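Notes for the structure review
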Amino acid sequence: MKGFRPFGLQSCKMEAVILKFEEYESIRLVNYEMLPQEVAAKQMNISRPTFTRIYNKALKQIAKSFVEGKAIEIEGGNYKLDKDWYRCRKCYKLIQGIENHFKCENCTAYSENELIKLN
């Protein structure tokens, strides 16, 4: 995913707010994975105060997008991934590291050729 767009507005005239990858990751860890900020900061290899600043900026960008009807584009930032990420062409599942690919029950993909490298 590279971002989100609101319904009801022409996309060609739509302004966007930029959500840096580390801001996205802070939201994912706290609000999706339900980790405490201390644990999330350790996973991102940053201090707790730095994590809080990144997280609060992400919330502000998301709120700006919702209130002003702007798209969100996820890009840039300062990050390093331990493994390559892939998306299955059949079921669209995200896979971290090609060695973790296995056929899920709803997927008909059988080979690594059916994966799209994301990074």
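To be clear, the structure that these remarks concern was listed above.
Let us look at the structure shown here.

What counts and how
Along each chain, residue indices are assigned from 1 in the same order as the chain's sequence is written. Local features in this predicted model are restricted to residues whose pLDDT is 70 or higher, and side-chain atom pairs enter the listing and the counts only when it is 80 or higher, whereas totals over whole chains, interfaces and linings include all residues. Heavy atoms from the whole structure form the basis of all side-chain values; hydrogens and water molecules are not counted. For helices the rule is a DSSP run of H or I covering at least 4 residues; for strands it is a run of E covering at least 2, with both sets numbered from the N terminus onward. Only protein chains enter the accessibility calculation, which uses a 1.4 Å probe. A residue is then buried if its area is under 20% of the maximum for its type, exposed if over 50%, and partly exposed in between. The criterion used for residue contact is that any of the two residues' heavy atoms lie within 4.5 Å. Each accessible area is a Shrake-Rupley result for a 1.4 Å probe, and residues are judged covered by the shown protein chains and nothing else. Here the expected length of a helix is defined as 1.5 Å per residue gap, with one fewer gap than residues. Arc definition: directions from the helix axis to the C-beta atoms.

1. Let's talk about the overall build of the protein
- The number of helices and strands found in the protein is three helices and six strands.
- When the helices and strands of the protein are read in sequence order from the N terminus, they spell out β-β-α-α-α-β-β-β-β.
- Split into buried and exposed, the 119 residues of the protein put 29% on the buried side.
- In the protein, the share of contacts with a sequence separation of at least 24, taken over all contacts with a separation of at least 6, comes to 58%.
- Summing over all exposed atoms, the protein offers an accessible surface of approximately 8700 Å²; the carbon and sulfur share of this is 52%.

2. Observations regarding helix 3 (residues 48-68)
- An ideal rise of 1.5 Å per residue puts 30 Å on 21 residues; helix 3 measures up with 30 Å between its terminal C-alpha atoms.
- For helix 3, the set of buried residues is Phe 51, Ile 54, Tyr 55, Ala 58, Gln 61, Ile 62 and Ser 65. Around the axis of helix 3, the buried residues are gathered within 120° of arc, so they sit on the same side. What points out from helix 3, more than 90 degrees from its buried face, is the exposed set Arg 53, Lys 60 and Val 67.
- Of the residues one or two after helix 3, Gly 69 is the one with positive phi, at around 65°.

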